[in-house]
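# Fold and geometry: a report
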Amino acid sequence: MASRSFFFLHVLVMLSLAGMAFSDLSDDFYDDVCPKALPTIKRVVQDAVRKERRMGASLLRLHFHDCFVNGCDASILLDQTSTIDSEKTSRANNNSARGFEVIDKIKSEVDKVCGRPVVSCADILAVAARDSVIALHGPSWEVKLGRRDSTTASRTAANNNIPTPLMDLSALINNFKKQGLDEEDLVALSGGHTLGFAQCFTFRNRIYNETNIDSTFARQRQENCPRSGGNSNLASLDPTSALFDSKYFSNLVSKKGLLHSDQALFSGGKTDDLVKTYSKNLKTFSKDFAESMIKMGDIKPLTGKQGQIRVNCRKVN
């Protein structure tokens, strides 16, 4: 009887371990099933960034906005249908999120070298974000893989969960906390704004009405962002918008944060010291950024038999 009980216990343990191995993300997930997948993603990303440097920031932002809405499941890529409430039309993404055609290109090329759809759109977003940062001279990190794709999207969740450029520090901290991210993650990931641009309507109030802003910087931004009109006019988020460096943080220390939510990180609050550290030490920022990107990529992934591997990233199979 005892030996039979031990046998069943042994079987249960083995099944449990097998289930964990099947469900957990790992950096070698595609090594056997499609070893050419990651080099193919890197090649397409490099080509896209070479053609348009801004695309690197756009691909990084797609991954961020995906993970903050019900986890890293590629829900941001789904187009509107009678049953899909597309996140592309949410406040944070409408006429703003971009790079979808690059993701389509990656998916097509990867499925071609793999011989079938084995790489999820969610994993493509995660790897493309990493490769975009590398292409703009930023750090590398081991991307955990094995995510599967959602069969739903939620514009409401996108509106509620993606942080806005008008948030103050306490709102930002609470927003990130809901995703399992702490204050260091908040500052490090906000450093993604070392890349890319923002539209005039997102920073108009700051450059005309706020007082904790360098006056010369404000006047310069006003030249391309009038009090009315020009909503989509662009301004760089830091002085070197296509280079991964620490000037974003140097700007905050000098009261030259473009967005209210940027400057909130250096406004007499608990994140001031970390901003100062990053402004002086690119190596520390790069290391923390990479670690926080890995942590963000762990937000509620679909694994195992959950979700699906989409054939077309824009629609459910």
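Definitions and cut-offs
- Residues numbered from 1 in each chain as written.
- Predicted model: local features only at pLDDT ≥ 70, side-chain atom pairs only at ≥ 80, totals over all residues.
- Heavy atoms only, no water.
- UniProt positions renumbered as here; feature names shortened; annotations may be inferred.
- Core = buried A, V, L, I, M, F, W, Y, C linked by side-chain atoms within 4.5 Å.
- Buried < 20%, exposed > 50% of the residue type's maximum accessible area, 1.4 Å probe, protein only.
- Helix = DSSP H or I, 4+ residues; strand = E, 2+ residues; numbered from the N terminus.
- Contact = heavy atoms within 4.5 Å.
- Salt bridge = Lys/Arg side-chain N within 4 Å of Asp/Glu carboxyl O.
- Phe/Tyr/Trp six-rings, centres within 6.5 Å; stacked < 30°, edge-to-face > 60°.
- Lys NZ or Arg CZ within 6 Å of the ring centre and 35° of its normal.

For the protein chain, the name recorded in an unreviewed UniProt entry is Peroxidase, with Anisodus tanguticus as its organism. Per its UniProt entry, the protein chain bears the Subcellular location (unreviewed entry) comment "Secreted".

### Structural notes on the nonpolar core
Of all hydrophobic cores here, the largest spans 69 residues; its most connected members are L77, I103, I106, L265 and F289. The element best represented in this core is helix α5 (residues 121-135), accounting for nine residues. Not counting chain neighbours up to four residues away, the residues in contact with I106 comprise I41, V44, V45, I124 and A128. Grouped together as the second largest cluster of nonpolar side chains are 13 residues, F203, Y208, A235 and L237 included.

### A look at helix α9 (residues 200-209)
Within α9, seven of the ten residues are buried, leaving the element largely enclosed by the surrounding structure. When α9 is considered as a whole, its buried residues turn out to be C200, T202, F203, R204, R206, I207 and Y208. Turning to α9, the residues buried within the fold contact β1 (197-199), α10 (215-222), β2 (234-236) and α12 (260-263).

### Side note on the pattern of salt bridges
Scanning all chains against the criterion turns up 19 salt bridges. Among the salt bridges present, the one from K295 reaches D185, with a minimum N-O distance of 2.8 Å. With K295 in helix α14 (residues 282-297) and D185 in helix α8 (residues 183-190), this pair connects stretches of sequence that are 110 residues apart. Look at the salt bridges and you will find they share partners, linking R43, K105, E109 and K112 into a network.

### Quick notes on the packing of aromatic side chains
Across all of its chains, the model carries twelve aromatic pairs by this definition. Within the aromatic cluster, the residues linked to one another by ring pairs are W141, F244, Y248, F249, Y278, F285 and F289. Lying over the aromatic face of F100, K88 brings its terminal NZ or CZ to 4.2 Å of the ring centre.

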